[in-house]
Amino acid sequence: MKEIQKQIDDLREKLRECDYHYHVLDRPLISDVEYDRLLHELVALEEQYPQLITPDSPTQRIGGEAVEGFGKVTHQIPMLSLSNAFSEADLYEFDARVQQIAGDHVQYVCELKIDGLATSLLYEGGVFIRGATRGDGVTGEDITQNLRTIRVLPLRLREVQDIMVRGESYLPRAEFARINAERAQKGEPLFANPRNAAAGSLRQLNTAVTAQRKLAFFAYALVQPEGIATTQTQALAQMEQWGFPVNPHYRKCASISEIIEYIRFAESVRKTLPYDIDGVVIKVDSFALQTKLGMTAKSPRFAISYKFTAEQVESRVRGIELSVGRTGAVTPTAVIEPVFLAGTTVSRATLHNEDFIQEKDVRIGDLVVVQKAGDIIPEIIRVVKVERTGTEAPYSMPTVCPVCQMPLVRAEGKVALRCVNPKCPAKQLEALIHFASRGAMNIDGLGEMIIESLVKAGLVQDVADFYALSKEQLLQVDRIGEKSAMNLVQAIDASRRQPFERLLFGLGIRLVGEKAAQTLARHFLTLDRLMKASGEELEGISDIGPKMAESILTYFRDEQKRALLDRLQDYGLRFDTDLVASRALIGDGPFAGKTVVVTGTLAEFSRQQAQAMIEERGGKIANTVSRKTSYVVAGESAGSKLAKAEELIRANPELPLKILNERDFIALLDLQQEVISDRE
Ligand code: IVH
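Residues numbered from 1 in each chain as written. Predicted model: local features only at pLDDT ≥ 70, side-chain atom pairs only at ≥ 80, totals over all residues. Heavy atoms only, no water.

Draft legend 1. Layout of the overall build of the chain. In terms of helices and strands, the chain carries 25 helices and 22 strands. Its C-alpha atoms give the chain principal-axis dimensions of roughly 90 × 70 × 65 Å. A buried classification covers 48% of the 680 residues belonging to the chain. Within the chain, residue pairs in contact and separated by at least 24 positions form 68% of the contacts whose partners lie at least 6 positions apart. A total accessible area of about 33,700 Å² is found for the chain, and carbon and sulfur atoms account for 51% of it. (Helix = DSSP H or I, 4+ residues; strand = E, 2+ residues; numbered from the N terminus. Buried < 20%, exposed > 50% of the residue type's maximum accessible area, 1.4 Å probe, protein only. Contact = heavy atoms within 4.5 Å. Areas by Shrake-Rupley, 256 points an atom, 1.4 Å probe, with all protein chains shown as cover.)

Okay, structure coming up:
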C-alpha cells in the first residue's frame, strides 16, 4: 500500500509541476499526449484505490458532480468594487487625492482589467478549500466544485500556506467562440459575450458542463495573510511563485503621464489578447500607503479603474432587413460589410425603428460608424456624410408586414410599427421560441431551429401544441433523430411542472417580463384569481403600472387566449404558485415562523390578500393578539386588537411583539422580494 501511495504521490507531483509550467510559466514540460498518459495512469490507480483520492488531486478537475444549488459564503473581508475614471482629468484628480494623503511621491502599478467574474479563493495548508463569487460584496455563492474544474487554478500550492487570494475567472475568447458555435448548432440561445458565458458556466449545477468550458483565472490580489508582501508588485510575484497565473502585462508607473501611456498600450494590445479586457486598474503599489488611504463606503481609495471607451469602426450599409418580433414590432436592421469590432465580426447593426433611421438619415450605401451598445449589440452611431457620392438610397419603412403582408400600424406616440395580425406566422414563431426559452419554460433542446422545423412540418401552431407532440411525429422532422426525439418528448413533458411564474412569463403577455410575472404569480397565487383581477387591483401592486395592467386585461379578455389557457390546463401545466416551494425558498425571511394578526382596513390590499401574502412568505395567521404574536399589521380604524397589542407592549417591553402600519408592512414585503430574487 505504501508503494501505491508513493506512486500516486509521485504522479500527482509530476502532473502539478506540468500544470504549473504549462499554465503559469507558459513553458510546457512535456507533450499533451504524455500528460494525458500520466493523468490516465493516475485515474486508473485512484479507481482501484478510491480511498486514496484527495480533493486536491489533479483528477478532481473532471467534474461530474451535480450540485443542488449554491451555498452562501460570507466574505470576512468584503469584496469591494472600484470607482471608475472616465477621462484623463479623472485620473489627475485621483492622483491629487492620493498625493495629498501620501504627502509624498507615489508609486503606482497598472494592471489590465480582465472582463470576467471576481472570485475569492481560500487555501488552508496549501490546499484549495473554498471559492466564492462576489455576490453583493458581503455574501457570495460557494462555487468551489465549479472552480476545481479550472485547469489553471492550483488545487495545491507550491508551498504550505493559509491564504486568501482574489482574482478574475474568465473565458478565453476562442473558447467562447467554440461554445457558441456548438450552441448555435443545437439551436440553443447564444451567450452575448465571454463574460456572460463565464458567469453561466461558473453557476452550472452540473460541474461536468463547467469542466468542458475551459475557463481560466488570473490572480490579482493577495488578501490574507498580511505581512507576506509589502507592495502589490511583490504580492503578484508571490502569487505566481505559489502557482497562480498572474497576468504578465502589469507595469509600475511613477506618474499620471506614465499611466496614460500604459492605457494607450492596453488599448493597442486589446484586440490581440486571447481574452477580453474592459479597462485598466490603477493601484497604489505600497500596502502601507493603501492602508493609510483607506476606504470610502463603497470602494477603496487606493485604486481606480479606467474603463475603455467603446471601440468604433467604419463600415458600409449594404441593405436594410426587417424582422417581426413576438409582439409584432417590426425592427429594421442594417446589413453592413463585415468588420471586426470588439472581439467579433459584425455584419449587422440594429437601426431600432423608423425614427432612428430618419434621425440619423441612414441610407443604403452609406459609410457609417458602428459601436457595440453595452459592449454587446452593434449599433450605428452616425453616418459619415462627407463620404456620400449621391448614389446612396434613402429608405422608408414598408406599410405592410414583411411576413404576412397585412397592414402595419403605428400607434399614436409610439415609435414601433406593429403587425397586429394575430395569425402572423412571424409573431407565432417568436411566441413559440419565447415560450420554450431559458427564462420561460426552459425546454431543453427546443431551440429556434427545431421550432421552425416543427412549424414548417405543420406540427405546431401554438404553445399548447408542444404538449401533444409524439416521438413518432418528431421523427418525421428533419434533423431530429431517435435520441433527440426521445429527449425532446421528455423535456417537454418535464416542463409541465415548471412553476406558475415561468408559465406566466412564457405566455408572452405584452410588457409582462420575468420580474413582473414573478410578482403577479406571488401576489395572486392562482391563474383564476389573476384572471378575475380588476385594473385597479393590478395597478395597486408595486411594479405594475397602468400600461401593464391594461395589457394583462386585454390578454385575458381575448377568447382565443382563454381557449389556449384551457388547453394548457388540460395538459397538466401548473396554474398556481407552489406555496410549499416558495416557503422553503424564504425560510429565513422576516415572516418565516412569525405569528401575525391583521386588523383594520388596509389601503392597498384586502385583508385576505394580506393574510395570503404573509402565509405565502412562511408566516402564521392568528385572529387574536397574545404574547405569542410577533406582528400586528394595523390598517385604518384598527380597534381593540391594536389596543390590546399596545397594552401588551407597554406592560411587557421585552416581548418581541411589533406593530406595523401599512407602510412598514409593505416595506417588509418588499424586503422579502429581495430575499427571493437574491436566491434565484
Ligand atoms: S482589483 C478592491 N484588479 O474589476 C477591488 N480588479 O471593480 C479590487 N477586475 O469586478 C479589485 N481585473 O473583479 C482588480 N487586475 C484587476 C482586475 C480587477 C478585473 C475586476 C474585479 C472587479 C472590478 C473592479
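Draft legend 2. How the structure looks around the environment of aspartate 276. Considering the arrangement of structural elements, one finds aspartate 276 in the loop between α9 (256-269) and β10 (277-284). Judged by its relative accessible area of 17%, aspartate 276 falls in the buried class. On a C-alpha basis, the gap between aspartate 276 and arginine 183 in space is 20 Å, while along the polypeptide they are 93 residues apart. Each residue touching aspartate 276, except ones within four places of it in the same chain, is listed here: Lys113, Ile114, Asp115, Arg173 and Pro194.

Draft legend 3. Region of interest: helix α5 (residues 173-186). Compared with the 20 Å implied by 1.5 Å per residue over 14 residues, the 20 Å span of α5 between its first and last C-alpha is a close match. Burial in α5 covers these residues: Arg173, Glu175, Phe176, Ile179, Asn180 and Arg183. Seen end-on, α5 carries its buried residues on one side only, within an arc spanning 155°. In α5, those exposed residues whose orientation departs by more than 90 degrees from the buried face are Ala174 and Gln185. (Expected span 1.5 Å × (residues − 1). Arc of directions from axis to C-beta.)

Draft legend 4. Here's a closer look at the site of the ligand. Near the ligand there are 13 residues, and of these Leu82, Glu111, Glu168, Tyr220 and Lys283 occur at the shortest range. For the ligand, a nitrogen atom lies 3.2 Å from a polar atom in the backbone of leucine 112. Here tyrosine 220 contributes a side-chain N or O atom positioned 2.7 Å from an oxygen atom of the ligand. Protein chains bury 84% of the 520 Å² of accessible surface belonging to the ligand in isolation. Those elements that provide at least two residues to the shell around the ligand are β3 (108-114) and β10. For the shell around the ligand, the leading source of residues is β3, giving four residues. Looking at the shell around the ligand residue by residue, the class counts come to eight nonpolar, one polar and four charged. (Near = heavy atom within 4 Å. Polar contact = N/O pair within 3.5 Å; in protein donor to acceptor, adjacent residues only side chain to side chain. Nonpolar A, V, L, I, M, F, W, Y, C, P; charged D, E, K, R; others polar.)

Draft legend 5. Structural context of the nonpolar core. If you look at the biggest cluster of nonpolar residues, it comprises 68 residues, and the most contacted ones within it are Leu91, Met239, Phe244, Ile259 and Ile282. Discounting residues that sit within four places of it in the chain, isoleucine 282 has contacts with Leu91, Phe94, Tyr108, Val109, Cys110, Ile259, Phe302, Ala303, Ile304 and Tyr306. Ranked by size, the runner-up nonpolar core spans 55 residues in total, among them Ile451, Ile480, Phe524 and Ile541. (Core = buried A, V, L, I, M, F, W, Y, C linked by side-chain atoms within 4.5 Å.)

Draft legend 6. Structural context of the sheet that holds strand β4 (residues 117-124). Read across the open sheet, the four strands follow the order β5-β4-β7-β8; overall the sheet is antiparallel. Looking at the sheet topology across the chains shown, the edges are occupied by β5 (127-133) and β8 (216-224). On average, each strand axis in the sheet is tilted by 30° relative to the strand beside it, whichever way the strands run. Here helix α8 (residues 232-242) sits on the sheet in contact with β7 (163-170) and β8, set at roughly 120° to β8. (Pairing = 2+ DSSP bridges. Axes fitted to C-alpha atoms, helices over the stretch in contact; angles between N-to-C directions.)

Draft legend 7. Molecular detail of the packing of aromatic side chains. The tally for this structure, following the rule as stated, stands at 14 aromatic pairs. Judged by centre distance (5.5 Å) and plane angle (50°), the ring pair of tyrosine 262 and phenylalanine 265 falls under tilted. Residue tyrosine 262 and its partner phenylalanine 265 are both found in helix α9; the two are separated by three residues, about one turn of the helix. Given the relative accessible area of 0%, tyrosine 262 is considered buried. Phenylalanine 265 sits in the partly exposed class, given a relative accessible area of 23%. Linked through ring pairs, Phe435, Phe466, Tyr467 and Tyr571 together constitute an aromatic cluster. In this arrangement the basic side chain of arginine 158 is found over the ring face of tyrosine 20, its NZ or CZ atom lying 3.8 Å from the centre. The ring of phenylalanine 191 has arginine 183 lying over it, and the distance from NZ or CZ to the ring centre is 4.4 Å. (Phe/Tyr/Trp six-rings, centres within 6.5 Å; stacked < 30°, edge-to-face > 60°. Lys NZ or Arg CZ within 6 Å of the ring centre and 35° of its normal.)

Draft legend 8. Spotlight on the pairing of β3. Counting buried residues along β3, seven of its seven residues qualify, which places the element largely inside the surrounding structure. Here seven bridges tie β3 to β10, and the two strands are oriented antiparallel to one another. Within the sheet, the bridge partner assigned to leucine 112 lies in β10 and is valine 280.

Draft legend 9. Inspection of the pattern of salt bridges at higher detail. For the coordinates displayed, the defined rule picks out 28 salt bridges. In this structure, the salt-bridge partner of glutamate 175 is arginine 178, at a minimum N-O distance of 3.0 Å. Of this pair, glutamate 175 and arginine 178 are both found in helix α5, three residues apart, which corresponds to roughly one turn of the helix. Of the residues examined, glutamate 175 reaches a relative accessible area of 12% and is grouped as buried. (Salt bridge = Lys/Arg side-chain N within 4 Å of Asp/Glu carboxyl O.)

Draft legend 10. The arrangement of helix α24 (residues 640-651) in detail. An ideal rise of 1.5 Å per residue puts 16 Å on twelve residues; α24 measures up with 16 Å between its terminal C-alpha atoms. Taken together, the buried positions of α24 are occupied by Leu642, Ala645 and Leu648. End-on, the buried residues of α24 take up no more than an arc of 125°, which puts them together on one face. Those residues of α24 that are exposed and angled more than 90 degrees off the buried face are Ser640, Glu647, Arg650 and Ala651. As for α24, its buried residues are in contact with β21 (631-634) and β22 (658-660).

Draft legend 11. Region of interest: a negative patch on the surface. On the surface, a cluster of negative charge is made up of Glu536, Glu537, Glu539 and Glu550. The element contributing the most residues to the negative patch is helix α19 (residues 535-539), with three residues. Counting through the fold element by element, glutamate 539 comes out in helix α19. (Patch = residues over 30% accessible without salt bridge, like charges linked within 9 Å, V, L, I, M, F, W, Y side chains within 5 Å. Lys, Arg positive; Asp, Glu negative; His and termini not counted. Charge placed at Lys NZ, Arg CZ, Asp CG, Glu CD.)

Draft legend 12. Expanded view of the sheet that holds β3. The sheet built from five strands is open, its strands ordered β2-β11-β10-β3-β9 with mixed pairing. In the strand order of this sheet, the two ends are held by β2 (84-85) and β9 (251-253), each with one partner. Here helix α3 (residues 88-102) sits on the sheet and contacts β2, β3, β10 and β11 (303-307); the angle it forms with β11, its principal contact strand, is near 175°. Against the sheet, α9 engages β3, β9, β10 and β11, with an angle of about 150° to β9.

Honestly, that's just the spatial picture; any functional story needs more than this.
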